Amino acid sequence: MRVNVTVNGVAHRVDHVWALESLLDFLRERVGLRGTKNACEQGECGSCSVYVDGVLVCSCLVAAGQVEGCSVVTVEGLGSGGEVHPVQQAFLDAGAVQCGFCTPGVIVSAHCLLARNPDPDELTVREELSGNLCRCTGYQKILHAVSLAAARAGDATMTGGCER
Amino acid sequence: MQGSGSVLRPASWGDAVLLRSQHPEASPICGGTDLMVDVNFGRARPGALLDLTAVAGIDSWELMDGGRTVRIGAGVCFARVIDELAGQCPALAQAARTVGSPQIRNRGTVAGNLATASPAGDSHPVLLACWGRVEAESVRGLRLIDIDDFFVGPKRSALEPDELIRAVRVPAATGPQQFAKVGPRNAMVIATTSFALNLDVAGRRAGTGIGSAGPTPLRARGAEQMLEEALADRWDGPRGVGESVAQEFGALVAEAASPIDDVRGSAAYRRHALAVLGRRCLSWALADLEAAGAA
Ligand SMILES: Cc1cc2nc3c(=O)[nH]c(=O)nc-3n(C[C@H](O)[C@H](O)[C@H](O)COP(=O)(O)OP(=O)(O)OC[C@H]3O[C@@H](n4cnc5c(N)ncnc54)[C@H](O)[C@@H]3O)c2cc1C
Ligand code: FES
Ligand code: FES
């Protein structure tokens, strides 16, 4: 089976895709993007989180053939021009990364959350990140990183001339 | 055979129904949040997939019967039920809020929940309480399955092998509705047990549904009858329908269950929890009814 899909803005045409192959395996093994992690393959951990047509999903639960003609964005596609995305920078600065296995998925989810809600309260952050498990950090630093990213984005808008 | 070993992606509903009969080896897939888990763990090895997500119009909902019924297409995910249907289908939206995580709610559908027919499916008690109907279609035609006839055993439904769920029809709320679920934590929880209540003020009927406390989702008929008698001529202002009615209602809900002991909880705990959920849901719904009457 052939799958045509855009990943991080680049068009891919991949042949010999297996009908039951997950988007997660497709991204890692066929497209060669290994930022998206495989930790449970049952939708519980969120380490495989990506966007499909702008919607946050667990790529382990999407069949590769279902994304024919779609646009997928992975953690590798968040930054631009060789720079990490501000959400990624906030995770680095807050020390919200230990083993790092959950981090790509958490960052894609946090990116999605902040895109929808630029100034979330802590309950909202906990709720919106409830699909991402982390075995190391105890979540405090992750929560801190998200509020740091939100605060910086707020500052950026202000210095960007949004004041009336 | 053409189509085997691949993902079939019909663009129209007619093609989907045709492919379903031509390719019995193909498993339907919508959100994939049940099917792909089974595939990833080797519990399911379908020869092909019949992906319904590209079918035109499958991810839309509409009002029918002059606004009295909401018809929810098979591709509408739980996140959209929450965002768009909380007004017409409040209990369904409440149940949808408790499903999995944001990622699961962005993909999982009511139709997929139904087709899996798990006794723990969170939409099921609500659809029972609301007297929902399932549109099942094959090349032989379209039929409407009453929700009371839909669940026939653990993970077994009345769907025929060549049928697809096209949509679910849910009567729009005419009064207060409640859904409550018990589980070990707040997120990502399969129900230990759950309960839904629908006060159909216009129809003078009370609807109930119990999840995760029997081989299939169940209706608590005795509790419904008791409540309808208690409300009798007080549907528009339930004065005097108080705590003792709620207690008795909860007890009848627990009585209707046939729970087992399993990893998520004991039968005794489930019965106890159902009595509490039944009582609470009714107290909340009566308060809503009172508030609506006072307004
Ligand atoms: C981490 C996680 C958490 C979860 N939490 C919950 C929860 O809290 N509550 C809950 O109820 N469920 C939960 N689920 C289960 C699942 O998300 C739901 O059952 C969901 O509704 C399934 O919908 P889907 O569209 O993803 O189904 P799919 O996986 O696409 O399909 C499920 C089954 O239905 C069949 N099917 C799908 N669509 C149709 C159709 N239109 N016609 C005929 N057959 C069809 C498929 O062949 C398959 O057998 C969870 C799952 C995961 C992975
Ligand atoms: S690998 Fe997909 S959710 Fe864990
Ligand atoms: S940093 Fe190790 S799992 Fe989160």
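Calculation rules
- Residues numbered from 1 in each chain as written.
- Chains lettered and ligands numbered in written order.
- Predicted model: local features only at pLDDT ≥ 70, side-chain atom pairs only at ≥ 80, totals over all residues.
- Helix = DSSP H or I, 4+ residues; strand = E, 2+ residues; numbered from the N terminus.
- Contact = placed C-beta atoms within 7 Å.
- Axes fitted to C-alpha atoms, helices over the stretch in contact; angles between N-to-C directions.
- Parallel < 35°, antiparallel > 145°, perpendicular 65-115°, else oblique.
- Left-handed = near helix turned anticlockwise from the far one by under 90°.
- Nonpolar A, V, L, I, M, F, W, Y, C, P; charged D, E, K, R; others polar.
- Domains from an automatic or database assignment.
- Core = buried A, V, L, I, M, F, W, Y, C linked by C-beta atoms within 7 Å.
- Buried ≥ 20, exposed ≤ 12 C-beta atoms within 10 Å, placed from the backbone.
- Pairing = 2+ DSSP bridges.

Caption draft 1: Structural view of the environment of F195 of chain B. All names here are of chain B. Positionally, F195 belongs in strand β12 (residues 193-200). C-alpha of F195 to C-alpha of A95: the two residues are 100 residues apart in sequence and 9.7 Å apart in space. With near-sequence residues (within four places) excluded, F195 lies in contact with P125, A180, I210, V253, L274, L277, G278 and C281.

Caption draft 2: View of the packing of helix α10 (residues 243-256) of chain B against helix α11 (residues 267-294) of chain B. Residues and elements named next belong to chain B. Their axes nearest at 7 Å, the elements α10 and α11 cross at an angle of 140°. Considered as vectors, α10 and α11 are oriented oblique to each other. Between α10 and α11 lies a crossing of right-handed hand. The residues of α11 that touch α10, namely those facing A246, Q247, F249, G250, A251, V253 and A254, are R271, L274, A275, V276, G278, R279, L282 and S283. By residue class, the composition of the contact of α10 with α11 is nine nonpolar, four polar and two charged.

Caption draft 3: Inspection of the interface of chain A and chain B at higher detail. Counting residues at the interface gives 24 residues for chain A, matched by 24 residues for chain B. Looking at which element gives the most residues to the side of chain A that touches chain B, the answer is strand β4 (residues 55-58) of chain A, with four residues. A class-by-class count of the residues in the side of chain A that touches chain B yields eleven nonpolar, nine polar and four charged.

Caption draft 4: Spotlight on the domain arrangement of chain B. Domain annotation for chain B reports domain 1 (7-51), domain 2 (61-171) and domain 3 (177-294). Between the C-alpha centres of domain 1 of chain B and domain 3 of chain B the distance comes to 36 Å.

Caption draft 5: How the structure looks around the nonpolar core. Residues and elements named next belong to chain B. Core analysis: the biggest nonpolar cluster contains 141 residues, and L92, V253 and L274 have the highest contact counts within it. It is α11 that contributes the most residues to this core, nine residues altogether. Discounting chain neighbours no more than four positions away, the residues touching L274 are T193, F195, I210, A213, V253, A254 and A257.

Caption draft 6: Up close: helix α4 (residues 90-97) of chain B. Of all eight residues in α4 of chain B, seven are buried; the element is thus mostly enclosed. Contacts made by the buried residues of α4 of chain B are with α3 (78-84), α5 (102-105), α7 (123-129), β10 (164-171), β11 (177-182) and β12 of chain B.

Caption draft 7: View of the pairing of strand β4 (residues 61-64) of chain B. In this sheet, strand β5 (residues 69-73) of chain B lies alongside β4 of chain B in antiparallel orientation, the contact comprising four bridges. Bridge pairing links L63 of chain B to V70 of chain B in β5 of chain B.

Caption draft 8: Structural detail: the sheet that holds strand β2 (residues 10-14) of chain A. Residue and element names in this part refer to chain A. Spatially, β2-β1-β5-β3-β4 is the arrangement adopted by the five strands of the open sheet, whose pairing is mixed. In this open sheet, the two strands that pair with only one neighbour each are β2 and β4. Between one strand axis and the next, the sheet turns through 35° on average, direction left out of account. Bridge count for strand β1 (residues 3-7) against β2 is five bridges, and the pairing is antiparallel. Counted as the bridge partner of T6 is A11 from β2. Sheet contacts for helix α3 (residues 103-116): β3 (49-52) and β4; angle to β3, the most-contacted strand, approximately 45°.

Caption draft 9: Quick peek at the sheet that holds β12 of chain B. All names here are of chain B. Judged by pairing direction, the sheet is antiparallel, and its three strands sit side by side in the order β11-β12-β13 without closing on themselves. Taken across any chain shown, the strands that pair with only one partner, and hence form the sheet edges, are β11 and β13 (205-211). When the angles between neighbouring strand axes are averaged without regard to direction, this sheet yields 10°. With respect to the sheet, α4 is in contact with β11 and β12, its orientation differing from that of β11 by roughly 20°.

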